[in-house]
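# Coordinate analysis (summary)
As a plain string of letters, each chain reads:
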Amino acid sequence: MALVQYEIGDLVYAATDILNDGGMPGIEEEEGLIAAAGSRGVVVQFGHVEADPDQEIYLVRFENGPDGTLGDPVGVLPEELTQELAVSA
């Protein structure tokens, strides 16, 4: 089994736009965007996908709005996260 890439409390950024796949209560699937690429978040839990125990999944609370309030936890895959803040040219 692979080592955990992120730990609880780690600061992470969305590497890509995080979109609702229909599994996020309270957000219509058509609305789509949960966290834009570059959004800052914190890992609050991690585990493995039940159907594929080798696949890690992280619960991340991303900032909502300019005041830094954290949104509800969102399940994301490791490739959807980074610890490097993208810098615009």
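A short tour of the structure in this document, coming up.

Criteria and thresholds
Residues numbered from 1 in each chain as written. Predicted model: local features only at pLDDT ≥ 70, side-chain atom pairs only at ≥ 80, totals over all residues. Heavy atoms only, no water. Core = buried A, V, L, I, M, F, W, Y, C linked by side-chain atoms within 4.5 Å. Buried < 20%, exposed > 50% of the residue type's maximum accessible area, 1.4 Å probe, protein only. Helix = DSSP H or I, 4+ residues; strand = E, 2+ residues; numbered from the N terminus. Contact = heavy atoms within 4.5 Å. Phe/Tyr/Trp six-rings, centres within 6.5 Å; stacked < 30°, edge-to-face > 60°.

Formed by 13 residues in total, the largest nonpolar core has its most connected members in Ile18, Tyr58, Val60, Phe62, Val76 and Leu81. At the level of elements, β1 (11-14), β3 (33-35), β5 (52-64) and β7 (74-76) are the ones that each hand at least two residues to this core. Among the elements that make up this core, the one with the highest residue count is β5 (3 residues). Not counting residues up to four positions away in its chain, the partners in contact with Ile18 are Gly32, Leu33, Ile34, Ala35, Phe62, Val74, Val76 and Glu80.

We now examine the packing of aromatic side chains. Tallying each qualifying case throughout the model produces 2 aromatic pairs. A centroid spacing of 5.4 Å and a plane angle of 75° characterise the contact between Tyr6 and Tyr58, whose relative ring orientation is edge-to-face. Of this pair, Tyr6 sits in the segment before β1 while Tyr58 sits in strand β5, placing them 52 residues apart in sequence. The class for Tyr6 is buried, based on a relative accessible area of 3%. Residue Tyr58 is classed as buried on the basis of its relative accessible area, which comes to 1%. A ring pair is formed by Phe46 and Tyr58, whose centres lie 6.3 Å apart and whose planes are at 45°; its orientation type is tilted. Taken together, the positions of Phe46 in strand β4 (residues 40-49) and Tyr58 in strand β5 put the pair 12 residues apart, joining distant regions of the chain. The class of Phe46 is partly exposed, set by a relative accessible area of 28%. In this structure an aromatic cluster arises from ring pairing among Tyr6, Phe46 and Tyr58.

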